Structures are given as structure tokens and as C-alpha cells.
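Each chain, written out:
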Amino acid sequence: MATTKRYDVKDLALAAEGVRRIEWADRQMPVLAAIRQRFETEQPLNGYRISACLHVTTETANLMRTLKAGGADVVLCASNPLSTQDDVAAALVDEFDVSVFAIKGEDNDTYYAHIEAAVDHKPHLTMDDGADVIGVLHSHRREQLGDIIAGTEETTTGVIRLKALEADGALGFPIIAVNEANTKHLFDNRYGTGQSTIDGIIRATNVLLAGKRFVVAGYGWVGRGVASRARGMGSLVVITEVDPLRALEAVMDGFEVLSMAKAAEIGDIFCTATGDKHVIAREHIEKMKDGAILANTGHFNVEIDIPALKSLAAETRLAREFVEEFTLADGRRIYLVADGRLVNLAAAEGHPALVMDMSFANQALAAEYAVQNAGSLERKVYGVPDEIDREIARLKLETMGVPIDTLTEDQAKYLASWDEGT
């Protein structure tokens, strides 16, 4: 059906293909589908405006459908210039009556104009993947802060930024850190990003991972997932870390741990997963061997010092789609994948729907929780309530046909009692 809502997408003629892919993803998102069915009946978001800045993928489309089913008036923009799936954007507009502002490969000005369009929606709730909408609201749209009940944040990077804002006493409304939910970061970050990052690197380069030295910068949940899957493909995996506990875990997990200065000399493929800037810096690039491949799976494209790489290059060319070749003065060639942006979304399709089912169930239920508890939430960063986390895990196991035990009355008493423990 045609919509009268405003939008800016590449081509509405792509909608039919987008619908097919959204439906395919939906079949692998049973928890979100169950929430959508309940939302249709209960309408917990009726009358609320939501501005979402997320990766415009098939999985996100099913989240938007769920929010609309709950009665919300939704606007969606992209949280990364390269992560939009144009057929999905078209389908959301043409078939599902969602106002979308997102085009794959949009320039920087268009990207931020789209975020401004989402803010123009005058939201009661925000949903972020990197805190861009929240950033705009806190910088030059502060007059809208008082109208916002709460926001949610999907990423490690975004949560770090928002906790810093809270620490400065400058957070304008409550935030629910969806990324902190166990059913999000233990699964989405590790299994989703792990698989989709390897997928993106292989699609972009078509290199054989077996036998290659694969350097993973960062051993958080994303880094662990990437490292595990690279090892599963036969790579010799090296971890770099700044946190001694995580570095020790990597050693105990059987990985070689080196400084980036040492890893730069031997690595074939590098993937950053830290949320910090210039993890791969000029001095590291100068040590890399001919043919080294650089990719990033952190949210922003600052983990690799791209300006330094460009300054070292005598010439550049596009070697493959999404792969830029930098020839240094001494003839060595360094390859940058997807302009250092999220490789799993820029060069592939992002997380598999089965794992995003839990992440977006958290988003939907966090929005419902924010509405229900609007009067009691303070201007701080909250975790997802444990009861929501556990309910999502329970529903996921149920849809997978996996039974688990329950405590007997005697067992529960034993665990709760001081006297019973003797």
C-alpha cells in the first residue's frame, strides 16, 4: 500500500524484494513475533511517538512492525551510512507504513539530515544504535528533552558515551541500556557479530582464512565472537588488549596475546572491536606487511587511523567492491575494507535474525517498560530489568524446543535459607 508519510529512501520499486526478505527474517524471530501478537491486543505504546536510529535491516523492520502493532507512531533513520538495506527501507515505507529516512551509501550531510528528520518527529521515546539521536537532542535540540520519557541504546559504544554524559550530570532523560541485557550482549555481540563480521570480511575480500594470522583488537564479547569464529575457520588468531583481565582470559582461552606493535608485524588480517579510536595507528600501519587487510566491527570508523593510512599512501584505488587498496611509498599494499565502517553491515547483511530476535525483543519490552514506569525513572542509565531478560531467555528456549528444569520447593528453600545450608 502507498503511504502518505514523509520518507527518503532509494527506490520504492525495491519494496517487493524487501517484503520477501523481511518475511524470511520474521520466521526466525519467534520471540519478537510473540511480543507483536500481544502488543496488537494490549496496545501498550498507543499514542506514543518513537524515533529510532538503527541499522535498517530485515531484523530492524520486524522490530518496527512490532512497535507499530503496539500502537506507536514510528520514524526510522539509519545509524550508519553503509548499513541500510535499500529494499527493506522501501518495503517499510510502501508496505508497512513506516516513515523511513535511510539510503545505503548516503553522504555525511544526508546522514545527519536524516537524523534531524527523525528528531523532527518530536519523539516521546528514542531508540539508538550509537547514541546519534540522543547526541542531536543534547546538542542543539535541547528544547525537546522535556518531552521525552526515555531512550534505549543498543551498542557498547553508545552506552559508554551515555554513561559519560550521566557522569557529567548532563543526561537529559532516562536511558535503558539494552546492550547490557544478558540476552543481548552475551548472544548478539558474541554469536551475531562474530559470525557476521567473518561473513563481511569474506564477502568483501574472498580470502581464505585458514592459515592466516588473524589479529583481533579487543577481547570483549564482540572480540571473543570474532576470535572464536576466525579460529573455527582455521586462522591463527592473535588478540590485542589493554585490559589485563581480558588479556588473561584470552591467554587462558588458548589465544596468542601480543601488543598491537608486535601483532602489526605478523598479521595478515586485522579486525578492530574495541569502541575506541586509533587502535590501529600510523606506527602500526608502517610495520605491516604487504597485503595486510584492515577491517573494523566497532560502531564508528575511528578505530583505524584512516587519515594516517591515506597520508602514507602514494596512490589508492578500488581493488574490489568495499575494498580500497593503499600503495605505500615502498610498494607495500594495505587493504581497507568498507571504509573502516562496520564490516558486518557494510559488506554483509549484519547479524542473523535468530540472534537479533532476542536483541529486538529487549528493545520492544524496554519501550513498554519505559512507558509503564515513566513517572519513576530518573535521568540516568538503567540496565534492562532482570525479569525482562529472563522472560526473553525463557521464550527463546521455548521456541527452540529446549526444556529446562525448575527448582523443587525443597531446593528453593535450601538455596534461600541459612539454616538449610548446613
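Since this is a predicted model, take the numbers as computed values, not measurements. (Residues numbered from 1 in each chain as written. Predicted model: local features only at pLDDT ≥ 70, side-chain atom pairs only at ≥ 80, totals over all residues. Heavy atoms only, no water.)

### Observations regarding the layout of surface pockets
Here is step 1: Roughly 1,000 Å³ of internal volume is contained in the largest pocket.
Here is step 2: Every residue lining the largest pocket is counted, 48 residues in all, and those nearest its centre are Thr156, Val222, Ala273, Gly275 and Gly298.
Here is step 3: Going through the elements one at a time, α3 (58–69), α7 (156–167), α8 (182–205), α9 (221–232), α14 (343–346) and α15 (353–372) are the ones with two or more residues in the lining of the largest pocket.
Here is step 4: Counting residues per element, the lining of the largest pocket draws most heavily on α8, which supplies five residues.
Here is step 5: Tallied by class, the residues present in the lining of the largest pocket amount to 15 nonpolar, 24 polar and nine charged.
Here is step 6: Approximately 260 Å³ is the volume found for the second largest pocket.
Here is step 7: Considering the residues around the second largest pocket, the lining is formed by 16 residues, among which Glu59, Glu349, His351, Pro352 and Ala353 are closest to the centre. (1 Å grid on protein atoms, 1.4 Å probe; cavity = no way out; pocket = protein on both sides within 12 Å on 5 of 7 lines; lining within 4 Å. Points joined across faces, edges and corners; volume = space filled by probe spheres on them. Helix = DSSP H or I, 4+ residues; strand = E, 2+ residues; numbered from the N terminus. Nonpolar A, V, L, I, M, F, W, Y, C, P; charged D, E, K, R; others polar.)

### With respect to the pattern of salt bridges
Here is step 1: With the rule as written, the count across this model stands at 26 salt bridges.
Here is step 2: Between Arg332 and Asp330 there is a salt bridge whose closest N-O contact spans 2.8 Å.
Here is step 3: Put simply, Lys396 and Asp357 hold a salt bridge, and the shortest N to O gap is 3.0 Å. Placement of Lys396 in helix α16 (residues 386–400) and of Asp357 in helix α15 is noted, with a sequence separation of 39 residues between them.
Here is step 4: Sharing partners across several salt bridges, the network here consists of Arg21, Asp87, Asp199, Arg203 and Glu349. (Salt bridge = Lys/Arg side-chain N within 4 Å of Asp/Glu carboxyl O.)

### Let's talk about empty space enclosed by the protein
Here is step 1: Under the defined criterion, the tally for this structure stands at one cavity of 30 Å³ or more.
Here is step 2: Considered as a void within the structure, the largest cavity measures approximately 30 Å³ in volume.
Here is step 3: Its residues assigned to classes, the lining of the largest cavity comprises six nonpolar, three polar and no charged.

### Notes on a nonpolar patch on the surface
Here is step 1: A surface patch of nonpolar side chains, amounting to about 320 Å² of accessible area, comprises Leu248, Val251 and Met252.
Here is step 2: By the element assignment, Val251 lies in helix α10 (residues 244–252). (Patch = residues over 30% accessible without salt bridge, like charges linked within 9 Å, V, L, I, M, F, W, Y side chains within 5 Å. Areas by Shrake-Rupley, 256 points an atom, 1.4 Å probe, with all protein chains shown as cover.)

### Quick notes on the pairing of strand β4 (residues 125–128)
Here is step 1: Here β4 shows two buried faces, one formed by Leu125 and Met127 and the other by Thr126 and Asp128.
Here is step 2: Taken together, the four bridges between strand β1 (residues 49–54) and β4 define a ladder with parallel strand orientation. Residue pairing across strands places Ile50 opposite Leu125, the latter belonging to β4.
Here is step 3: Of the strand pairs in this sheet, β4 and strand β5 (residues 150–153) are connected by four bridges, and their pairing is parallel. Counterpart to Thr126 in the pairing with β5 is Gly151.
Here is step 4: In terms of handedness, the path from β4 via helix α6 (residues 132–139) over to β5 forms a crossover that is right-handed. (Buried < 20%, exposed > 50% of the residue type's maximum accessible area, 1.4 Å probe, protein only. Pairing = 2+ DSSP bridges. Right-handed = clockwise from strand over helix to strand, strands pointing away.)

### Observations regarding the pairing of strand β7 (residues 213–217)
Here is step 1: Burial runs high along β7: four of the five residues are buried.
Here is step 2: Running through α9, the crossover from β7 to the neighbouring parallel element strand β8 (residues 236–240) is right-handed.

### Notes on the sheet that holds β8
Here is step 1: On the basis of which strands lie adjacent, the open sheet formed by eight strands has the order β9-β8-β7-β10-β11-β14-β13-β12 and mixed pairing. Single-partner strands in this sheet number two, and they are β9 (256–257) and β12 (313–320).
Here is step 2: As paired elements, β12 and strand β13 (residues 323–328) share six bridges and run antiparallel to each other. By the bridge assignment, Arg317 is partnered in β13 with Glu325.
Here is step 3: Along the sheet, α8 contacts β7, β10 (269–272), β11 (292–296), β12, β13 and β14 (333–337); its crossing angle with β12, the most-contacted strand, is approximately 100°.
Here is step 4: Against the sheet, α9 contacts β7, β8 and β10, and its axis sits at roughly 170° relative to β7. (Contact = heavy atoms within 4.5 Å. Axes fitted to C-alpha atoms, helices over the stretch in contact; angles between N-to-C directions.)

### A word on the nonpolar core
Here is step 1: Leu63, Met64, Leu67, Leu76, Leu92 and Val100 are the most contacted members of the largest nonpolar core, which has 56 residues in total.
Here is step 2: No other element matches α15, which puts 12 residues into this core.
Here is step 3: Listed in part, the 28 residues of the second largest apolar core include Ala204, Ala230, Ala295 and Ala347. (Core = buried A, V, L, I, M, F, W, Y, C linked by side-chain atoms within 4.5 Å.)

### Thoughts on the sheet that holds β5
Here is step 1: What the seven strands build is an open sheet, ordered β3-β2-β1-β4-β5-β6-β15; its pairing is parallel. The sheet is open, and its two edges are formed by β3 (99–101) and β15 (381–383), each paired on a single side. Between one strand axis and the next, the sheet turns through 20° on average, direction left out of account.
Here is step 2: In the packing of helix α5 (residues 108–119) onto the sheet, contacts are made with β1, β2 (73–78) and β3, and the angle to β2 comes to roughly 165°.

### Quick look at the side chain of His121
Here is step 1: By the element assignment, His121 lies in the loop between α5 and β4.
Here is step 2: There is a polar contact of 2.9 Å between the side chain of His121 and the backbone oxygen of Asp73.
Here is step 3: Sequence-distant contacts of His121, defined by excluding residues within four places in its chain, comprise Arg49, Ile50, Ser51, Asp73, Val74 and Val75. (Polar contact = N/O pair within 3.5 Å; in protein donor to acceptor, adjacent residues only side chain to side chain.)

Function cannot be inferred from these measures alone, as they are strictly geometric.
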